[in-house]
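# Topology and contacts: notes
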Amino acid sequence: MGRQRQPQIRQRLLDACTDHALEHGLPDRLGPLAAAAGTSNRMLIYHFGTRDGLFREVLGQARRRQVEAFTDVIRLRPDEPYPTTLARAWSVISGPQGEPYLRMFGRLHDTAGEPLWPGFRRAATTDWLAPLEEGMRSLGRPELATVVLAVIRGLLTDLDATGDTARTDRAFHDFLATIDSA
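A brief look at the structure comes next.

So, on to the packing of aromatic side chains. Under the definition given, this model contains 5 aromatic pairs. Considering the side-chain rings of Phe 70 and Tyr 101, the 5.6 Å spacing of their centres and the 75° angle between planes classify their relative orientation as edge-to-face. With Phe 70 in helix H4 (residues 51-74) and Tyr 101 in helix H6 (residues 99-105), the pair connects residues that are 31 residues apart, well separated along the chain. Among the residues examined, Phe 70 registers a relative accessible area of 3% and is labelled buried. In this structure Tyr 101 comes out as buried when scored by relative accessible area, which is 11%. For the cation-ring pair, Arg 63 lies above Phe 105, with the distance from its terminal atom to the ring centre recorded as 6.0 Å.

For helix H1 (residues 7-24), with 18 residues, the first-to-last C-alpha span of 25 Å sits near the 26 Å given by 1.5 Å per residue. The inward-facing, buried residues of H1 abut helix H2 (31-37), helix H3 (41-48), H4 and H6.

What counts and what doesn't
- Residues numbered from 1 in each chain as written.
- Predicted model: local features only at pLDDT ≥ 70, side-chain atom pairs only at ≥ 80, totals over all residues.
- Heavy atoms only, no water.
- Phe/Tyr/Trp six-rings, centres within 6.5 Å; stacked < 30°, edge-to-face > 60°.
- Helix = DSSP H or I, 4+ residues; strand = E, 2+ residues; numbered from the N terminus.
- Buried < 20%, exposed > 50% of the residue type's maximum accessible area, 1.4 Å probe, protein only.
- Lys NZ or Arg CZ within 6 Å of the ring centre and 35° of its normal.
- Expected span 1.5 Å × (residues − 1).
- Contact = heavy atoms within 4.5 Å.

What follows is the structure in structure tokens.
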């Protein structure tokens, strides 16, 4: 008779591994995650089955954290114009709070991420459409949600590649000016 699984220990390990991966990126090996969680590679395998199983769960938990945090910053607020909300959201998404997610999920946006998270690219796109549509509906243009998302994703890719915060910030604010004037 084997040991009974302990979900609270598993969750503590997952939290520690996710925190580490958000701070440092997803490692290639289990060692850094085991050290961050104060455990051994063997215990991680015991709780998560395989290295890739742990990585998938870490990515899933990080994604839930991102969706929760960023959905809140892009949600429509009755007391402010939606371009103002988007400006604040951009500073959060592209700033220090968003950097760990950009680092972690950047490599999943290409096809190399498919084995770890099949369908990630689709989910990473469609997750944001509903709150953006609601916000753009307040401007009478819900169909522009896809355009807003494409601009955000494109500028985040640019920011990741160049590190040019001033230029990407300026480009996003120029984009918001076109929405405001439309």
